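Here are the chains, one letter per residue:
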Amino acid sequence: MPEHVQERKPKISASRKLMLKSLMVAKAKEELEQEILVKEEEKQKYLTERAPALNTGGLSLAQLQDLCRELHAKIDVVDEERYDIEAKVMLNTREIKDLNIKVLDLRGKFKRPNLRRVRVSADAILRSLLGSKHKVSMDLRANLKSVKKEDTEKKRPVEDSDWRKNVEAMSGMEGRKKMFDAAKGPAQ
């Protein structure tokens, strides 16, 4: 490998390159204008074939009515063709979109957006699932069993109110005898 790399000199000078670009642009512009003229001529030719000029002069009322009926029939046929073509175009565009999505999935270049946590209430979730027609309010406390404070106070035994008295009563031989008797059951 050579130690110093020589800079390559362009084969075409800058002014020559600019001149060639301008010639190419002029040629492309000329061809575009020619193509537009050809398309316009084809359009005129097609219209003269499909829709010839109408001669209504010297026609009686019955002949004019027949002509109108024929024109209406032709218009109906053209509308049906237009509708069919529009349906095909919509089907093709939908298919193209689906295929583009599949291509992106296969490439694996689909970038997933960063998701953020959003706090949503239970009512909002139900509304989104059931739709806005159903107005459902979810009251979580409605299904809970109600407990009154008075009931909890009544259930407590009175003996447990002061633990010191209970300990004093159970201490010594008398307390142990009471525990023994209580475990044995009622006196027979």
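Residues numbered from 1 in each chain as written. Predicted model: local features only at pLDDT ≥ 70, side-chain atom pairs only at ≥ 80, totals over all residues. Heavy atoms only, no water.

Focus on the overall build of the protein
Each helix and strand counted, the protein has 6 helices and 0 strands in total. The buried share of the protein, reckoned over its 188 residues, is 1%. By element, 57% of the accessible surface of the protein is carried by carbon and sulfur atoms, the whole surface being about 20300 Å². (Helix = DSSP H or I, 4+ residues; strand = E, 2+ residues; numbered from the N terminus. Buried < 20%, exposed > 50% of the residue type's maximum accessible area, 1.4 Å probe, protein only. Areas by Shrake-Rupley, 256 points an atom, 1.4 Å probe, with all protein chains shown as cover.)

Structural notes on the pattern of salt bridges
Any two side chains of opposite charge can pair if their charged atoms end up close together. This structure, assessed with the given rule, holds 4 salt bridges. Among the salt bridges present, the one from lysine 39 reaches glutamate 35, with a minimum N-O distance of 3.9 Å. With a gap of 4 residues between them, lysine 39 and glutamate 35 both fall in helix H1 (residues 14-50), about one helical turn apart. Among the ionic pairs, arginine 69 bridges to aspartate 66, the shortest N-O distance being 3.1 Å. Placement of the pair is arginine 69 and aspartate 66 together in helix H2 (residues 61-107), with a separation of 3 residues, close to one helical turn. (Salt bridge = Lys/Arg side-chain N within 4 Å of Asp/Glu carboxyl O.)

With respect to a negative patch on the surface
A grouping of Asp76, Glu80, Glu81 and Asp84 is seen on the molecular surface, where their side chains present a negatively charged patch. Tracing the backbone shows aspartate 84 in helix H2. Look at aspartate 84 and you get partly exposed, because its relative accessible area is 44%. (Patch = residues over 30% accessible without salt bridge, like charges linked within 9 Å, V, L, I, M, F, W, Y side chains within 5 Å. Lys, Arg positive; Asp, Glu negative; His and termini not counted. Charge placed at Lys NZ, Arg CZ, Asp CG, Glu CD.)

Comments concerning the confidence of the model for the protein
Counting all residues, the mean pLDDT for the protein is 79, and 67% of those residues have values of 70 or more. Taken element by element, the protein is modelled with least confidence in helix H4 (residues 149-155), mean pLDDT 60, and with most confidence in H1, mean pLDDT 94. (pLDDT = per-residue confidence, 0-100.)

Comments concerning H2
Counted at 1.5 Å a residue, the expected span for H2 with its 47 residues is 69 Å, and the 68 Å between its end C-alpha atoms agrees. Remark: glycine 108 follows H2 within two positions and exhibits a positive phi of approximately 80°. (Expected span 1.5 Å × (residues − 1).)

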